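Now for the letters of each chain:
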Amino acid sequence: GDSVTQMEGPVTLSEEAFLTINCTYTATGYPSLFWYVQYPGEGLQLLLKATKADDKGSNKGFEATYRKETTSFHLEKGSVQVSDSAVYFCALPNYGGSQGNLIFGKGTKLSVKP
Amino acid sequence: ETGVTQSPTHLIKTRGQQVTLRCSSQSGHNTVSWYQQALGQGPQFIFQYYREEENGRGNFPPRFSGLQFPNYSSELNVNALELDDSALYLCASSRDRANTGELFFGEGSRLTVL
């Protein structure tokens, strides 16, 4: 079945460092891809999305490009801030199962030190 | 615009007890999904409700049940609680049941089963 694999965390960076969180997926067809973020003590919120191959989603300085050839959707940010400390989830819709079902990766915890 | 709200935020139960968790969907949203997030894991889909009917279910036993009300708010009921049911339970709403993958999450209800 469809699945999402994220790099294992936790990731600890200093402020202003470059961030990459890897995400690869297995799916039938070409689904939309998503990054969700969960700040401490909060629910998940959509960070960015891409709906087709070669699309680049971006928000709050984060970017991710939908790479069909490598089935990847890596999250990047050029200069992280302490406020970016959170858990990041890569996700794709599960069209093969029930509607509205998002398949999430296990999450990557990012800690940014001042 | 009111976001997704969940109650209670925290609760402690003992094995064998029953629990009811509540969710108010975001204004204008008629579809509610429930997810279970174990510590250090990604959210796992429990079920979805659309216009008061269950519209899909993940791999959870029948002791996990739900309701959706005419105002689109929802309840998650878990009977015969087990220790492994300890988790953060997330409610998410969306504008309709079409699987766009864009969900709006509440902050969750953290259940501890002793």
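In this report, the structure presented in the accompanying data block is examined. (Residues numbered from 1 in each chain as written. Chains lettered and ligands numbered in written order. Predicted model: local features only at pLDDT ≥ 70, side-chain atom pairs only at ≥ 80, totals over all residues. Heavy atoms only, no water.)

Here we look at the side chain of aspartate 55 of chain A
Residues and elements named next belong to chain A.
Item 1. Looking at the secondary structure, you find aspartate 55 in the loop between strand S6 (44-50) and strand S7 (56-59).
Item 2. Looking at aspartate 55, its side chain comes within polar contact range of the side chain of threonine 51, at 3.2 Å.
Item 3. What aspartate 55 contacts, discounting residues up to four positions off in sequence, is Ala50, Ala64, Thr65 and Tyr66. (Helix = DSSP H or I, 4+ residues; strand = E, 2+ residues; numbered from the N terminus. Polar contact = N/O pair within 3.5 Å; in protein donor to acceptor, adjacent residues only side chain to side chain. Contact = heavy atoms within 4.5 Å.)

Looking at the environment of aspartate 85 of chain B
Residues and elements named next belong to chain B.
Item 1. When you line up the elements, aspartate 85 lands in the loop between strand S8 (74-78) and strand S9 (87-94).
Item 2. Once the C-alpha coordinates of aspartate 85 and leucine 21 are considered, the two residues, 64 residues apart in sequence, prove to be 13 Å apart.
Item 3. Aspartate 85 has contacts with Gln36, Arg63, Phe64, Val78, Ala80, Leu111 and Val113, leaving out every residue within four places of it along the chain.

What to know about the interface of chain B and chain A
Item 1. Counting residues at the interface gives 23 residues for chain B and 21 residues for chain A.
Item 2. Regarding the contact of chain B and chain A, the summed buried area is about 1700 Å², with carbon and sulfur atoms giving 48% of it.
Item 3. The tally of links from chain B across to chain A stands at one salt bridge.
Item 4. With a shortest N-O distance of 2.2 Å, lysine 49 of chain A and glutamate 102 of chain B are connected by a salt bridge.
Item 5. Along the contact surface separating chain B from chain A lie four residue pairs in polar contact (both at pLDDT 80 or more).
Item 6. Looking at the side of chain B that touches chain A, the elements that each hand over two or more residues are strand S4 (31-37), strand S5 (44-50), strand S6 (53-57) and S9 of chain B.
Item 7. Looking at side-chain class alone, the side of chain B that touches chain A contains seven nonpolar, 12 polar and four charged residues. (Buried area = accessible area lost by both parts, 1.4 Å probe. Salt bridge = Lys/Arg side-chain N within 4 Å of Asp/Glu carboxyl O. Nonpolar A, V, L, I, M, F, W, Y, C, P; charged D, E, K, R; others polar.)

With respect to the state of the cysteines
Residues and elements named next belong to chain B.
Item 1. Evaluation of the coordinates by the stated rule reveals two disulfides over all chains.
Item 2. Paired through a disulfide, cysteine 23 and cysteine 91 show a sulfur-sulfur distance of 1.8 Å. Taking the sign of the torsion about the S-S bond as the criterion, the disulfide between cysteine 23 and cysteine 91, at about -65°, is left-handed. Of this pair, cysteine 23 sits in strand S3 (residues 19-24) while cysteine 91 sits in strand S9, placing them 68 residues apart in sequence.
Item 3. In this structure cysteine 91 comes out as buried when scored by relative accessible area, which is 0%. (Disulfide = S-S within 2.5 Å. Buried < 20%, exposed > 50% of the residue type's maximum accessible area, 1.4 Å probe, protein only.)

Considerations on the layout of surface pockets
Item 1. Its boundaries defined by the atoms lining it, the largest pocket holds a volume of some 550 Å³.
Item 2. In terms of lining residues, the largest pocket is bounded by 26 residues, among which Gln38, Gly41 and Val87 of chain A together with Leu88 and Arg110 of chain B are the most central.
Item 3. Among the elements that line the lining of the largest pocket, the one with the most residues is strand S12 (residues 108-113) of chain A, at four residues.
Item 4. Grouping the amino acids of the lining of the largest pocket by side-chain chemistry returns nine nonpolar, 12 polar and five charged.
Item 5. Space inside the second largest pocket adds up to approximately 390 Å³.
Item 6. Along the wall of the second largest pocket there are 23 residues; nearest its centre are Ile103, Phe104 and Gly105 of chain A together with Pro43 and Gln44 of chain B.
Item 7. Put simply, the parts of the chain that give the lining of the second largest pocket at least two residues each are strand S1 (3-6) and strand S11 (102-104) of chain A together with S5 of chain B.
Item 8. Looking at the lining of the second largest pocket, the element that brings in the most residues is S1 of chain A, giving four residues.
Item 9. When its residues are assigned to classes, the lining of the second largest pocket shows eight nonpolar, 12 polar and three charged. (1 Å grid on protein atoms, 1.4 Å probe; cavity = no way out; pocket = protein on both sides within 12 Å on 5 of 7 lines; lining within 4 Å. Points joined across faces, edges and corners; volume = space filled by probe spheres on them.)

Some details on the sheet that holds S8 of chain B
All names here are of chain B.
Item 1. Ordered in space as S1-S3-S8-S7, the four strands form an open sheet in which the pairing is antiparallel. Each edge of the open sheet is held by one strand with a lone partner, namely strand S1 (5-7) and strand S7 (64-68). Averaged over all pairs of adjacent strands, the angle between their axes in this sheet comes to 20°, without regard to strand direction.
Item 2. When S7 meets S8, the two strands line up antiparallel, connected through five bridges. Among the inter-strand pairings, phenylalanine 64 is bridged to a residue of S8, identified as valine 78. (Pairing = 2+ DSSP bridges. Axes fitted to C-alpha atoms, helices over the stretch in contact; angles between N-to-C directions.)

Concerning the pattern of salt bridges
All names here are of chain B.
Item 1. One pass over the full model with this rule turns up eight salt bridges over all chains.
Item 2. Between glutamate 82 and arginine 63 there is a salt bridge, and its shortest N-O distance comes to 3.3 Å. Of this pair, glutamate 82 sits in the loop between S8 and S9 while arginine 63 sits in the loop between S6 and S7, placing them 19 residues apart in sequence.
Item 3. A salt bridge links aspartate 85 to arginine 63; the nearest nitrogen and oxygen atoms lie 2.8 Å apart. With aspartate 85 in the loop between S8 and S9 and arginine 63 in the loop between S6 and S7, the pair connects residues that are 22 residues apart, well separated along the chain. Taken individually, aspartate 85 and arginine 63 each receive the classification buried, so the pair is uniform in this respect.
Item 4. Within this structure, Arg63, Glu82 and Asp85 form a network of salt bridges that share partners.

This is a description of form; function is not addressed.
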